[in-house]
Amino acid sequence: MTERTIHVDYLARVEGEGALKVRIRDNRVEEVQLKIFEPPRFFEAFLRGRSYLEAPDITARICGICPVAYQMSSCHAMERALGMKVDGPIRELRRLLYCGEWIESHVLHVYLLHAPDFLGYPDAIQMAKDYPEAVQHGLALKKVGNSLMTLLGGREIHPINVRIGGFYRAPTVEELRAFRPELEGALPLAEEMVHFAADLDFPDIEEDYEFVSLRPEKEYPMNEGDVVSNRGVKVPQDRWEDVFEEVQVPHSNALQSVRKGAGSYLVGPLSRYALNRDHLTPRADQLARSVGLPDIVRNPYKSIVVRGIETVYAIEEALRLIEHYHRPERSWVEPPPVTKTVTGAATTEAPRGILFHRYRIGAGGLIEDAKIVAPTSQNQKRIEDDLWHLVERSLALDEATLTDACERAIRNHDPCISCATHFLQLDLERQ
Amino acid sequence: MSEPTLSIRPPPGPLPLVIGVGNDHRGDDRSGLEVARALRPRLEGKARVEECVSGEIGLLDIWRDADRVLVVDAVRSGAPSGTVHRLEAGDAALLGFRGATSTHGLSLGEAVALAAGLGCLPRQLVVYGIEAENVEMGVGLTPSVARGVEEAIARIQAELESDPTAAFPTRNPAHA
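Residues numbered from 1 in each chain as written. Chains lettered and ligands numbered in written order. Predicted model: local features only at pLDDT ≥ 70, side-chain atom pairs only at ≥ 80, totals over all residues. Heavy atoms only, no water.

1. Things to note about the overall build of chain A
Scanning chain A for helices and strands turns up 16 helices and 13 strands. With 431 residues in all, chain A has 65% of them scored as buried. Counted over contacts in chain A with a minimum sequence separation of 6, partners at least 24 positions apart contribute 71%. Summing over all exposed atoms, chain A offers an accessible surface of approximately 15600 Å²; the carbon and sulfur share of this is 48%. (Helix = DSSP H or I, 4+ residues; strand = E, 2+ residues; numbered from the N terminus. Buried < 20%, exposed > 50% of the residue type's maximum accessible area, 1.4 Å probe, protein only. Contact = heavy atoms within 4.5 Å. Areas by Shrake-Rupley, 256 points an atom, 1.4 Å probe, with all protein chains shown as cover.)

2. With respect to empty space enclosed by the protein
Picture a little ball the size of a water molecule; that probe, rolled over the atoms, points out where space is still empty. In this structure the tally under the stated criterion is 5 cavities of 30 Å³ or more. Approximately 130 Å³ is the volume found for the second largest cavity. Residue lining of the second largest cavity: 11 residues in total, with L139 and K143 of chain A together with I57, G58 and D61 of chain B positioned closest to the centre. Contributions of two or more residues to the lining of the second largest cavity are made by helix 6 (132-153) of chain A together with helix 2 (59-62) of chain B. Tallied by class, the residues present in the lining of the second largest cavity amount to 3 nonpolar, 3 polar and 5 charged. (1 Å grid on protein atoms, 1.4 Å probe; cavity = no way out; pocket = protein on both sides within 12 Å on 5 of 7 lines; lining within 4 Å. Points joined across faces, edges and corners; volume = space filled by probe spheres on them. Nonpolar A, V, L, I, M, F, W, Y, C, P; charged D, E, K, R; others polar.)

3. Quick notes on the sheet that holds strand 8 (residues 234-235) of chain A
Residue and element names in this part refer to chain A. A sheet is described by the order of its strands in space; here 3 strands give the open sequence 6-7-8, paired in antiparallel fashion. The open sheet terminates on both sides in strands that have one partner only, identified here as strand 6 (212-215) and strand 8. Strands strand 6 and strand 7 (226-229) of the sheet are contacted by helix 10 (residues 269-276), whose axis makes an angle of about 50° with strand 6. (Pairing = 2+ DSSP bridges. Axes fitted to C-alpha atoms, helices over the stretch in contact; angles between N-to-C directions.)

4. Description of helix 11 (residues 282-290) of chain A
All names here are of chain A. If you check which residues of helix 11 are buried, you get A284, D285, L287 and A288. Along helix 11, the residues classed as buried sweep out an arc of 160° about the axis, all on the same side. Elements that come into contact with the buried residues of helix 11 comprise helix 8 (180-198), helix 10 and helix 12 (303-323). (Arc of directions from axis to C-beta.)

5. Looking at the pattern of salt bridges
Within the structure shown, the criterion is met by 52 salt bridges over all chains. Among the ionic pairs, K371 of chain A bridges to E246 of chain A, the shortest N-O distance being 3.2 Å. With a gap of 125 residues between them, K371 of chain A in strand 13 (residues 367-373) and E246 of chain A in strand 9 (residues 244-247) connect regions that are remote in the sequence. Given a relative accessible area of 18%, K371 of chain A falls into the buried group. Across the salt bridge formed by E51 of chain B and R40 of chain B, the nearest N and O atoms sit 3.2 Å from each other. On the criterion of sequence distance, the pair formed by E51 of chain B in strand 2 (residues 48-52) and R40 of chain B in helix 1 (residues 31-42) is long-range, its members being 11 residues apart. Each member of the salt-bridge network shares a partner with another, and the members are R91, E92, R95, E219, E224, E317 and R320 of chain A. (Salt bridge = Lys/Arg side-chain N within 4 Å of Asp/Glu carboxyl O.)

6. Focus: the sheet that holds strand 11 (residues 342-350) of chain A
Residues and elements named next belong to chain A. Ordered in space as 11-12-13, the 3 strands form an open sheet in which the pairing is antiparallel. Each edge of the open sheet is held by one strand with a lone partner, namely strand 11 and strand 13. Going from strand to strand, the sheet's axes swing by 15° on average, the running direction of each strand aside. Contacts between helix 13 (residues 375-393) and the sheet are confined to strand 11, strand 12 (353-361) and strand 13, with strand 12 contributing the most and set at about 125° to the helix.

7. Let's talk about the state of the cysteines
Residue and element names in this part refer to chain A. Scanning the model with the defined rule gives 0 disulfides over all chains in all. Looking at the unpaired C75, the closest cysteine sulfur is the one in C66, lying at 15 Å. For C75, a relative accessible area of 0% translates into the label buried. (Disulfide = S-S within 2.5 Å.)

8. What about the confidence of the model for chain A?
Model confidence for chain A is summarised by a mean pLDDT of 88, while 89% of its residues fall at 70 or above. Taken as a whole, residues 420-431 of chain A scores under 50 in pLDDT and shows 33 contacts with residues more than four places along the chain or in a different chain. (pLDDT = per-residue confidence, 0-100.)

9. What to know about the packing of helix 4 (residues 89-119) of chain A against helix 12 of chain A
Residue and element names in this part refer to chain A. Two elements in contact, helix 4 and helix 12, have axes whose closest approach is 8 Å; the angle formed by their N-to-C orientations is 155°. Classified by the angle their axes make, helix 4 and helix 12 are roughly antiparallel. The interaxial crossing formed by helix 4 with helix 12 has left-handed handedness. Of the residues belonging to the contact of helix 4 with helix 12, the class tally is 15 nonpolar, 6 polar and 6 charged. (Parallel < 35°, antiparallel > 145°, perpendicular 65-115°, else oblique. Left-handed = near helix turned anticlockwise from the far one by under 90°.)

10. Side note on unusual backbone geometry
Residue and element names in this part refer to chain A. The backbone phi angle of D26 is positive, close to 50°, even though this residue is not glycine. The residue D26 is located in the loop between strand 2 (18-25) and strand 3 (28-36) in this model. Even without being a glycine, N27 presents a positive backbone phi close to 60°. Since its relative accessible area comes to 51%, N27 is described here as exposed.

11. Topic: the packing of helix 3 (residues 67-81) of chain A against helix 4 of chain A
All names here are of chain A. Packing of helix 3 against helix 4 leaves a shortest axis separation of 9 Å and a crossing angle of 155°. Here helix 3 is positioned roughly antiparallel relative to helix 4, judged by the angle of their axes. Helix-helix and strand crossings are classified by hand; for helix 3 and helix 4 the assignment is left-handed. Of the residues in helix 4, those in contact with P67, V68, A69, M72, C75, H76 and E79 of helix 3 are R94, L97, Y98 and E101. Taken together, the residues that form the contact of helix 3 with helix 4 break down as 7 nonpolar, 1 polar and 3 charged.

12. A look at the nonpolar core
One finds I19, W63 and V71 of chain B to be the most contacted residues of the largest nonpolar core, which totals 150 residues. With 19 residues, the next largest nonpolar core counts V84, V126, A152 and I156 of chain B among its residues. (Core = buried A, V, L, I, M, F, W, Y, C linked by side-chain atoms within 4.5 Å.)

13. Some details on the confidence of the model for chain B
Residue and element names in this part refer to chain B. Predicted confidence across chain B gives a mean pLDDT of 80, with 77% of residues reaching 70 or more. When the elements of chain B are averaged for pLDDT, strand 5 (residues 98-99) gives the smallest value, 54, and helix 1 the largest, 96. Ignoring residues within four places in sequence, the model shows residues 1-11, a span with pLDDT below 50, making 25 contacts including any to other chains. Below pLDDT 50 for its whole length, residues 100-104 participates in 21 contacts with residues either more than four positions away or in separate chains.

14. Details of the packing of aromatic side chains
Residues and elements named next belong to chain A. Tallying each qualifying case throughout the model produces 10 aromatic pairs over all chains. Relative to F356, the ring of W240 lies with its centre 5.0 Å away and its plane at 20°, an arrangement referred to as stacked. Residue W240 is located in helix 9 (residues 240-243), and its partner F356 is located in strand 12; the two are separated by 116 residues in the primary sequence. Judged on exposure class, the residue W240 and its partner F356 are both buried. (Phe/Tyr/Trp six-rings, centres within 6.5 Å; stacked < 30°, edge-to-face > 60°.)

15. Details of the environment of Y98 of chain A
Residues and elements named next belong to chain A. If you trace the backbone, Y98 turns up in helix 4. In sequence terms Y98 and Q126 are 28 residues apart; their C-alpha atoms lie 31 Å from each other. Apart from residues no more than four positions distant in its own chain, Y98 is found in contact with V68, A69, M72, M222, N223, T348, E349 and A350. Among the polar contacts made by the side chain of Y98, one reaches the main-chain carbonyl oxygen of E349 at a distance of 3.2 Å. (Polar contact = N/O pair within 3.5 Å; in protein donor to acceptor, adjacent residues only side chain to side chain.)

Below, the structure written as structure tokens:
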């Protein structure tokens, strides 16, 4: 009997800290564990007793890369709880803010975190020596995303301008129009990024994913739409818990999500693209065709190309939103007084996939209960499945090569492990 | 095609630039921000002071047009907590510094190395690193790190006031 164990104690180029354990016995994979040992997050508990108005600012602190996602899911959940309707220019500004976050997050991953895997470099620093233009383009594009977030959010990380009902201040038409040259300059850079990504060498692998994303009627998903899957799921976005559940596993501080009665599923760019390709702009759609991207991408390595397509889309969408923008008379919808206990939930599309928030607010407006399910914890089990298949295919590889291959497979899904940790209920763990 | 430019940041001036890096909500990781905030009123008219909360990679953007830059950040190198390190961009030890928290995949040393590789280091760069002890979620500095913050404030102020315009004794190798 032979037994091999692979440990990766520190996962590079992944936001947050994680580790991986794989056990192989007699040439069969026996165990794959993606571990998360970032200190547990107390956010859900921390929110209890705070005013519901504080939720967007508090939850934005969960992640330095996707604060907008936390603000959007919390705002929509609170507004649903209070029966508020937010539309018109405020709705469009929220979408514009999300475009900024998608751009900066996707570009960071494509050029600085993911591309080194394909080109054979340990990191972007080494890659920059041979591909300085690619890295420069990445930094320039990322900056456009960050600047858009600064323009709308007041600052690029943890925007301070978002509130329940809208924004503290809405930009003027002139302020937004002045930003158009940045976006127009970014568009060809983003198209170049797609070609750069599509020209990489990809392992010839397909996975049988259950893709899960939002699907609005008329647009590529960000803040609106039902939660749907390619296997028949279709529920309103506040009913996420009807279909999915979180389960605790002993090896991780994060809870893993599964579809009830089914199993792992995938959220993020591959899922949005598979379920909403018909909502891409003509230019993004044409670009996807020209680089040979099929309507459904099941090769996880090609997520780098899909992130590029979504970046092109986000830039075009931002230009469209700015073109049609009219400054609202009031920059926010006034929330009604909270006179009884209410509950509301919402799901929005963070760069890494759907982010679910649910809150119960008591009379007077204090949060009584909060639940936050980050995209990475939804993908965690699916990433373990990818790894299981990879190791099965790759048993002949030596230790170091197999370890590298596993790290690559994890980075395909751009996991944000900082976001994925919850407070683990110790009493439950003892059972 | 020209690179996109931005109109949001203040225009670069001849003044030295002090950049505090960190995260207010990760314990001692806020030490660089604390130093920047304390220095801002004291250095008025003598230096620009910026805060970098978007991870160390944001430095490449903030110092883009600056000539002389002092960065202050929480670091973990194994030294006693609160130790204040002073390094210049060419120091090999810089790359060995892990960031106090994992931010976007780049540590302070890596951000400097990336900038060097891309030829976008400031002409003169000094890094003050304050050794962190606790970077768990939460607000507040460890007492030893709070003393390190005071030391860094005094040393950076002295460095800028003793010779506010002169070049540093050594230059970055990239510009040598």
